[in-house]
Amino acid sequence: MITAAVPERENYLNNAYGIKSWLLTRDHKRIGLLYLFTVTLFFFLGGAFATMIRIELLTPQGNFVSSETYNKLFTMHGVAMIFFFLIPAIPATLGNFFLPMMIGARDLAFPRINLLSWYLLVIGGLFSLFAMLAGGVDTGWTFYTPYSTTYSNSWVIATALGIFISGFSSILTGLNFIVTVHRMRAPGMTWMRMPLFVWSHYATALIQVLGTPVVAVTIILLFCERVFHIGIFDPTLGGDPVLFQHMFWFYSHPAVYIMILPAMGIVSELVSVFSRKPVFGYQFVAYASMAIAVLGFLVWGHHLFVSTQSVYAALVFSFLSYFVAIPSAIKVFNWTATLYKGSISFATPMLYAFGFIGLFTIGGLTGLFVAALGFDVHVTDTYFVVAHFHYIMVGGTIMAYLGGLHYWWPKITGRMYPEGWAKLSALIIFLGFNLTFFPQFILGYLGMPRRYHVYPDEFQVLHVLSTAGASVLAVGYLMPMIYFIWSLRYGKVASANPWGATGLEWQTPSPPPVHNFDVTPIVTHDAYDYSTVIGQEVEVG
Amino acid sequence: MGKFPLFPEQASTFAPDVDHLTYFLLAVAVFFTVLIFCSIFYLAIRYRRRSDGELPHVPHGGLALEIVWSVIPFGITMVMFTWGASVFFNESRPPNNAMPLYVVAKQWMWKIEHMEGQREINELHIPLGRAVRLTMASEDVIHSFYVPAFRVKQDVVPGKYSTIWFQPTKPGKYHLFCAEFCGTRHSGMIGWVYVMQPRDYQNWLSGGAPAGTLAESGEKLFTDLACSNCHKADGTGRCPSLEGLFGKTVQLANGAKIVADEPYIRESILHPAAKIVAGYLPVMPTFQGLVTEDGVLQLIEYIKSLGPKPIVGGGGALGK
Ligand code: HEM
Ligand SMILES: [Cu+2]
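All of the points below concern the structure found in this document. Computed from a predicted model, the values in this text were never measured in an experiment.

Things to note about the overall build of chain B
Next up, step 1: Counting its secondary structure elements, chain B contains 7 helices and 12 strands.
Next up, step 2: Relative to its length of 320 residues, chain B is extended, with a C-alpha radius of gyration of 27 Å against a globular reference of 20 Å.
Next up, step 3: In terms of its C-alpha atoms, chain B occupies a principal-axis envelope of roughly 100 × 50 × 35 Å.
Next up, step 4: Residue burial in chain B is summarised as follows: out of 320 residues, 38% are buried.

Side note on the overall build of chain A
Next up, step 1: Counting its secondary structure elements, chain A contains 15 helices and 0 strands.
Next up, step 2: Relative to the 2.2 N^0.38 estimate, which gives 24 Å for 541 residues, the radius of gyration of chain A is 23 Å and therefore close to what a compact globule would have.
Next up, step 3: Expressed along its principal axes, the backbone C-alpha trace of chain A runs to roughly 70 × 50 × 45 Å.
Next up, step 4: Put simply, 84% of the contacts in chain A that link residues at least 6 apart link residues at least 24 apart.

A look at the sheet that holds strand β5 (residues 132-138) of chain B
All names here are of chain B.
Next up, step 1: Read across the open sheet, the 5 strands follow the order β3-β2-β1-β5-β8; overall the sheet is mixed. At either margin of the open sheet sits one strand with a lone partner, and together these are β3 (119-121) and β8 (162-166). Strand-to-strand twist across the sheet, computed as the mean angle between neighbouring axes with direction ignored, equals 25°.
Next up, step 2: Where β5 meets β8, 5 bridges bridge the pair, whose relative direction is antiparallel. In the strand pairing of β8, T135 is matched with T163.
Next up, step 3: Most of the contacts of helix α7 (residues 293-306) go to strand β1 (residues 99-106), to which it runs at about 160°, and overall it touches β1, β2 (109-114) and β5.

Comments concerning helix α10 (residues 311-339) of chain A
One turn of the α-helix equals 3.6 residues, which is why residues spaced by three or four share an orientation.
All names here are of chain A.
Next up, step 1: An ideal rise of 1.5 Å per residue puts 42 Å on 29 residues; α10 measures up with 44 Å between its terminal C-alpha atoms.
Next up, step 2: Of all the 29 residues making up α10, 22 are buried; the element is thus mostly covered by neighbouring parts of the structure.
Next up, step 3: Looking at the residues trailing α10, positive phi occurs at K341, about 55°.

Let's talk about the site of ligand 1
Residues and elements named next belong to chain A.
Next up, step 1: Taken together, 22 residues lie around ligand 1, and V256, I260, G367, T380 and F389 are the ones closest in.
Next up, step 2: Sorting the residues of the shell around ligand 1 by element identifies α8 (241-273), α10, α11 (348-371) and α13 (383-413) as the ones contributing at least two each.
Next up, step 3: Per-class residue counts for the shell around ligand 1 are 12 nonpolar, 9 polar and 1 charged.

A short note on the nonpolar core
Next up, step 1: Ranked by internal contacts, the top residues of the largest apolar core, which has 256 residues, are V267, F356, I357 and A372 of chain A together with V103 of chain B.
Next up, step 2: For this core, the element with the most residues is helix α3 (residues 67-102) of chain A, which contributes 22 residues.
Next up, step 3: Structurally, this core is a two-domain feature, drawing no fewer than three residues from each of domain 1 (14-43 + 62-91) and domain 2 (214-306) of chain B.
Next up, step 4: Excluding its chain neighbours within four sequence positions, the residues that come into contact with A372 of chain A are S318 of chain A together with L21, L25, M80, F81, W83 and G84 of chain B.

Looking at the sheet that holds strand β10 (residues 191-196) of chain B
All names here are of chain B.
Next up, step 1: The 5 strands are arranged β4-β10-β9-β6-β7 in an open sheet whose pairing can be described as mixed. A single partner strand is all that each edge strand has here, and the edge strands are β4 (123-127) and β7 (152-156). Averaged over all pairs of adjacent strands, the angle between strand axes in this sheet comes to 20°, irrespective of strand direction.

What to know about the environment of F319 of chain A
Next up, step 1: Here F319 of chain A lies in helix α10.
Next up, step 2: Spatially, the C-alpha atom of F319 of chain A lies 8.6 Å from that of A372 of chain A, the residues being 53 residues apart in sequence.

A closer look at the pairing of β8 of chain B
Next up, step 1: With 5 of 5 residues buried, β8 of chain B is to be regarded as a mostly interior element.
Next up, step 2: With burial as the criterion, each face of β8 of chain B is covered, one bearing S162, I164 and F166 of chain B and the other bearing T163 and W165 of chain B.

A closer look at the interface of chain A and chain B
Next up, step 1: Residue-level contacts link 82 residues of chain A with 80 residues of chain B.
Next up, step 2: Of all the secondary structure elements, the ones that give two or more residues to the side of chain A that touches chain B are α3, α5 (147-151), α8, α10, α11, α12 (373-379), α14 (419-446) and α15 (460-490) of chain A.
Next up, step 3: Tallied by class, residues from the side of chain A that touches chain B come to 47 nonpolar, 25 polar and 10 charged.

Here we look at the environment of V198 of chain A
All names here are of chain A.
Next up, step 1: Tracing the sequence through the fold places V198 in helix α7 (residues 196-228).
Next up, step 2: C-alpha of V198 to C-alpha of A494: the two residues are 296 residues apart in sequence and 24 Å apart in space.
Next up, step 3: Sequence-distant contacts of V198, that is, excluding residues within four places in its chain, are made with L99, M102, I103 and V181.

Observations concerning the packing of helix α2 (residues 28-56) of chain A against helix α4 (residues 111-134) of chain A
Residues and elements named next belong to chain A.
Next up, step 1: Where α2 meets α4, the closest approach of the two axes is 10 Å, and the angle between their N-to-C directions is 10°. As the angle between them shows, α2 and α4 are arranged roughly parallel. Relative to α4, α2 is oriented so that their crossing is left-handed. Taking contact as the criterion, the partners of H28, I31, L34, Y35, T38 and F42 in α2 are, on α4, P111, N114, L115, W118, L121, V122 and G125.

A word on unusual backbone geometry
Next up, step 1: Look at the link from T145 of chain A to P146 of chain A: it is a cis peptide, with omega at -5°.
Next up, step 2: Among the structural elements, P146 of chain A can be located in the loop between α4 and α5.
Next up, step 3: Residue W108 of chain B follows Q107 of chain B across a cis peptide bond; omega there is -10°.
Next up, step 4: Along the polypeptide, W108 of chain B turns up in the loop between β1 and β2.
Next up, step 5: One non-glycine residue with positive phi stands out, namely R276 of chain A, at about 55°.

Observations regarding the pairing of strand β6 (residues 143-147) of chain B
Residues and elements named next belong to chain B.
Next up, step 1: The buried count for β6 comes to 5 of 5 residues, which makes it a mostly enclosed element.
Next up, step 2: Where burial is concerned, the two faces of β6 agree: the one with H143, F145 and V147 and the one with S144 and Y146 are both buried.
Next up, step 3: Pairing of β6 with β7, which is carried by 5 bridges, proceeds in the antiparallel orientation. Counted as the bridge partner of V147 is V152 from β7.
Next up, step 4: A loop of 4 residues connects β6 with β7, the two strands running antiparallel in sequence, and R151 in this loop sits at a positive phi of about 65°.
Next up, step 5: Where β6 and strand β9 (residues 172-178) come together, 2 bridges link them in antiparallel fashion. Bridging across to β9, F145 finds its partner in C178.

Definitions and limits used
Residues numbered from 1 in each chain as written. Chains lettered and ligands numbered in written order. Predicted model: local features only at pLDDT ≥ 70, side-chain atom pairs only at ≥ 80, totals over all residues. Helix = DSSP H or I, 4+ residues; strand = E, 2+ residues; numbered from the N terminus. Rg over C-alpha atoms; globule rule 2.2 N^0.38 Å. Buried ≥ 20, exposed ≤ 12 C-beta atoms within 10 Å, placed from the backbone. Contact = placed C-beta atoms within 7 Å. Pairing = 2+ DSSP bridges. Axes fitted to C-alpha atoms, helices over the stretch in contact; angles between N-to-C directions. Expected span 1.5 Å × (residues − 1). Near = placed C-beta within 6 Å. Nonpolar A, V, L, I, M, F, W, Y, C, P; charged D, E, K, R; others polar. Core = buried A, V, L, I, M, F, W, Y, C linked by C-beta atoms within 7 Å. Domains from an automatic or database assignment. Parallel < 35°, antiparallel > 145°, perpendicular 65-115°, else oblique. Left-handed = near helix turned anticlockwise from the far one by under 90°.

As C-alpha cells, this is what we get:
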C-alpha cells in the first residue's frame, strides 16, 4: 500500500478524474481500458446466451426454451462473441494499450480516431443489443440468404447494422495501427527489432483494413434486398443465395485470423519472457504472421464445400487451405523450441501460454481435417466444426487473452493479481474447456447437426458431458473477474518490471505516465535480449 | 440415454472410404498432439527456472530445423489433400446406372418422389446395393440433405438443382437430417432412410397406390397448364417440339449451344426468357408461381419420357 508520506507519482490513471476524463480521453491507454470494459460486458452477455444453450441441450427434447428462442440464443451468442468480443478483444484492448508502448511511441498515430473507433463499437453494440432486447434475431451469426433476407421475421436489419457500424471501428483501429507502426517507432526500433506482438498486430491490421469493407458491402446488399426487395441473393427475385456465402466468407475467413493473430502475438511474448530467451526463429514467426494474413484471403471457399460450389473450385480451396496451415505450424514448433535450454517459469501467464499452444494445436490439426474434402462433406454443419472453431477461438484466443491480461495487469494497474488463485483458474479453464468441447468432436462425427434445438436420444450422453464441462468453464472464467477487481485495491504493488521482461513497456513505471515514457527510449538491442535486464549470464542445463 | 458409440454406422460404399481417411487424419493428429504435449512437458520441467537471476545462453537459429518442420508437415498435408479430394471426386460422380429419385425440400419437411409415382414425406425407401441419385430442389430457403450413416451431405439451394448419390450397403433404418439452418423448426426437419432388401423394396413399391408414374403426372400437368397448346409434338406450334429434347444439344438464339438437362428445362419453365431457342420468339410466359418445384420435376420426367436419351454421367453430384 502507498504510504501517506510519499506523494503518488503521476500516471495515466490519476492525472485526471471524473467521467469526462474517460469519455473524452485521447490517451490510448485509457481507450484500451474503455474497450476492456466494453468487450468484457459482451463476453458475459455472450456467455449468458451460451449457458442457456447448454442447459437446453441437457435433454434431447426441447423443454427449456422454445425452438424460436433457441435459434435466437445461438445467433445472439455468435454475434456477441464474434463481432463484439473476439474481433475487438485483443487488438482494441491490449493492442491499443501496448502496441504504442512496445515501439516506444507516446500514443497511436491518430488519438482522436482511436477514441472515435471506441464510440463506433459502442454504437454498433447498442444497435445489436437493442435488436436482442427488442426480440432477438434468429438467422445464425452467418446470416445465410434467402432465410435472412426473405423468410426470417426477426430483427435482422438492426443486428446487421450494428455489425456494419462496429466494422468501421475495426477498420479505424487497423488503420491506426498500420500508420503507427510505420511512422512512430522510436529511434533504433527497426522492423526486425519489433516485438512479435507488434508484428502480429500489424498483420491483423492489414486484414482489418482490407477485409472489413467487404462485409460492409455485403450487409448493404442484404439491407437492399430485405428492405427494398432488390434481387441479389433471393432466387425468386432473380438473385443467387450462394453469392452471399462467397461474400460473407471472403471477409469472415480472414476475420478468423483477426481473432487468432493477436493471440499468437501474446503467446510469443509470454513464451519468450517466461523462458528468458528470444523466440526461436524470430524472423520465421514474424513472417508467418504476414503469410497468414495474405493466404487467409485465398481460402474462403472451404466453408462452401457442399454449397453447390463447383467441384473444381472446391479442389482449389481445399488445396490452398493447407498452405495457411503451414505458417501456423511453424509458429507452434518455434514456440516449443524456445523452451529448449531456457529458464522456464511457471507463472500464470506462462500456464495460459502452454494452454494456448496445446489447444491451438488441436484446433489447427482439426482444421486440417475439415480442409480435406471427403472428410468435410460428412462433418460440415455438424458439431465437429463447432468443436474445431471453439478449440481455436476459445481454447486459443481466450486463453491467450487471459494470459496477456495477467501478464500486463501489473503494468496496467500497478498491482499484482493473486498468483495462487490465478494458477487455479488457469487449470480449471483448461480442464473445463476440454470437457466442454472434446465431446463435440465425437458428436459431430456421429452426425449430430449444429443449430439443433431437439436431437435424437443417442447423442444425450455427450451433450451432458459438454454441459458439465461448460459449468466448470464458467467457474474458471468468473474467478479472474473477481480477483482482478479484488487486486485493484488489495493486490501487491507492482514494480516497473516484475517479470524481467525486455519490452519497452516494462522500462517505464507501472502504471505508466501519461506520455508513456519520461524520455523517448533509444533502442540498441534486438527484442528479447535478456542480457539487458538480467544481471549475470549462467549456463542452464 | 441409449448406447454410446464412437463411430457412426457404415451403411454406404462411401462410409468406409471416409472412415479410412479419418483414421489417417486421426493418426497424424494424435502423433503431432502427443509430440507437442510431450515436448512441452519435458522441456518445461527439464529447464525449469532454478534461480531468479539465471540467464540462459542463447543458441543460434536453425535454418535447417525451420525447413524440416515446414517441409515435412507440408508433405503430410498434401497427402491429406489428395486423399480427401479423391474421396470427394467419387462422391461427385454418380454412376450411369444410378436409380434416379427426386427430392423437394421445404420448411420443414423432405418430400421424396419416386419414378414409379410413390411419394413419401420424411421417409426414403431404397433398395440395398443399388446406386441412387437424388436430384434436389428447394421451395424456400437453403436446406441440406444429410445421412450420417452414408457420410454424404449436399445443400439444397432454392433456384437450382443439386444432386447427390450413394450406394447403400447395409439394410436398416438411418437418420436423415437437414444440416443447413433453415428456420424455426430446423431440428424437426428430420426423417428416416430405409434400406431394404431388393425384394422387399419391390413389394413396398407395389404396395402403395400411386396416382400414376411421375411422368404420367407430368403429362397431366402438361395439358392442365396448357403447355401442350404451343409445344406440339410435330413442331407445328409457335414453340419448339419437345419430342426427343432431353439430352440433345440445343442451338440458342444468341449463338450458344447448350445440352438440354434438368436445370435447363427447369429454367425454361420458370425463366423462359433466359435462353431462347434459335428460330423462335420469346413468347413463352413464365410459370413461376403457377407450378411448384414438385410440378417442375414431374414435367421434367414427362419431357424425359418423350425422348430416348438419358444424360449419362450427369454433372457433379456435389455441385454444379
Ligand atoms: C490451421 C488452419 C485452419 C484450417 C485449415 C481451417 C479450416 C477450416 C475449414 C475447412 C472450415 C470449414 C468447415 C466447415 O464449415 O465444414 C473451418 C471452419 C471454421 N474455422 Fe477453421 N481452419 C483453420 C484455422 C482456424 C482459425 C485460426 C480459426 C479462428 C481463429 C478458425 C475458425 C473457424 C470458424 C469460426 C469456422 C466455422 C464457422 C462457421 O461455420 O460458423 N479456423 N475451418
Ligand atoms: Cu475458414
